[in-house]
Amino acid sequence: MRVGVIGAGISGITCAKYLAEYGADVTVFEKSDIIGGRCCTEVLEGYVFDTGATSVALRGKLIDEEVLSLSEADGVCKIEKGTFAHAYGKVFPGDKQANNVPRYCFKQGMGALVGFIGKGIDIRLNTDIIDVNKNSDKKYVIEDDVFDYLVVATPIPEARRLLSSVGDHRSFSNAKYRACLSLCYGIECDLSHLPYHALINLDGRDPLSWVSIESNKTPERAPDGCSSIVVQVSPFYSFQKFSLSDDILLKDVWIMLKNLLDIDMDKYGVGLVRKWLWSQPEITISFSHVNRMSDTIFVATDALKAGRLEMAYECGYEVAQLIIKKEESE
Ligand SMILES: Cc1cc2nc3c(=O)[nH]c(=O)nc-3n(C[C@H](O)[C@H](O)[C@H](O)COP(=O)(O)OP(=O)(O)OC[C@H]3O[C@@H](n4cnc5c(N)ncnc54)[C@H](O)[C@@H]3O)c2cc1C
């Protein structure tokens, strides 16, 4: 069987991996020039930033095996420092239970995780799929390739558009995402004395929702004596300021950040901004409501489970199992 997958995020790549292991002929189409989607890394002047997912938590899900099968030589590492909380400018020890969950990252950046899962898969980068067609045999045609099954592994608004291009208007009812601005700073200041790798604002009132000291996850993330930081700002701030220039955003958040971390520097060294319009689903939709055995086109994305890597992985796996079951029953 031939399967086309649109989207090389963790959902699409996981689905492709399990189908390829079964023996299917799989091709993944990705609009970007790299794989990973919202699990991605950007490198600037020796600073390494995870602008999407900052770590993967091992919570007894399928992805655990994937992460634990990798070795130190692959760059995988357990994050030793936990998370702390902040509110009203003060920092507190974090939630004990949450800190008991083992979290992992990659020295070279989280994007590597999707690279390992997708090893050996036929992936066509820089291929933005505008629409999908069906031929007279009711097979799917993408870029002159013909497929028995199609997996749309993109966020729901994009999946809805692609499905409707083949006349499939299935309901995604209440799909809703929050926007998120990720602001990255490289600074010539050593923050390795801080006892945490991330600070979370638990009351939701502070624009600095999640402050990840990337170089405290693993020291390879910044040049010697320097630190790399990623700030994910709150949904409210992200929504209000989404269209502001990178420069204004970086300056605005820098003032709040240096006060919170007590950094005695007027300027940051390097800065970059990543704008996520669909960062994480606010409401999830039932997997079985969207995907049925009677279909030949399926949707695999985190919004059918939860906005986390391990859940996106599960979704990709379950879609692969559905296709395999269908193939075997025919
Ligand atoms: C800022 C941020 C922080 C996060 N932090 C964490 C965290 O710490 N831990 C955690 O577990 N999770 C975290 N998440 C959530 C996690 O990243 C996502 O749940 C997961 O990556 C979603 O994967 P996906 O494959 O479903 O979708 P995506 O990663 O969005 O993949 C979809 C892919 O489809 C491609 N695509 C879209 N349209 C087309 C088209 N028309 N043609 C071709 N390709 C197309 C996109 O380019 C993309 O590569 C975070 C997310 C964000 C945004």
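Residues numbered from 1 in each chain as written. Predicted model: local features only at pLDDT ≥ 70, side-chain atom pairs only at ≥ 80, totals over all residues.

A look at the pairing of strand E3 (residues 41-44)
1) Next: As judged from the 4 bridges shared by E3 and strand E4 (residues 47-50), these two strands associate in the antiparallel manner. Its bridge partner lying in E4, Glu-42 is registered against Phe-49.
2) Next: Taking the residues between adjacent antiparallel strands as the criterion, E3 and E4 are bridged by 2 residues, where Glu-45 takes a positive phi near 45°. (Pairing = 2+ DSSP bridges. Helix = DSSP H or I, 4+ residues; strand = E, 2+ residues; numbered from the N terminus.)

A word on the environment of Thr-218
1) Next: Along the chain, the position of Thr-218 falls in the loop between helix H6 (214-217) and strand E18 (227-233).
2) Next: On the basis of neighbour count, Thr-218 is assigned to the buried category, with 21 C-beta atoms found within 10 Å.
3) Next: In this structure, the C-alpha to C-alpha distance between Thr-218 and Tyr-268, residues 50 residues apart in sequence, is 20 Å.
4) Next: Residue contacts for Thr-218: discarding those within four places in its chain leaves Cys-77, Cys-105 and Lys-107. (Buried ≥ 20, exposed ≤ 12 C-beta atoms within 10 Å, placed from the backbone. Contact = placed C-beta atoms within 7 Å.)

Points about the sheet that holds strand E14 (residues 149-152)
1) Next: In spatial order, the strands read E10-E2-E1-E14-E20; together these 5 strands make up an open sheet with parallel pairing. The outermost strands of the open sheet, each flanked by one partner alone, are strand E10 (122-124) and strand E20 (297-299). Strand-to-strand twist across the sheet, computed as the mean angle between neighbouring axes with direction ignored, equals 20°.
2) Next: When strand E1 (residues 2-6) meets strand E2 (residues 25-29), the two strands line up parallel, connected through 5 bridges. Considered in E2, the bridge of Arg-2 is made with Asp-25.
3) Next: Contacting E1, E14 and E20, helix H5 (residues 156-164) crosses the sheet at an angle of about 150° to E14.
4) Next: The strands that helix H10 (residues 309-329) touches are E1, E14 and E20; relative to E20, the one it contacts most, it runs at about 160°. (Axes fitted to C-alpha atoms, helices over the stretch in contact; angles between N-to-C directions.)

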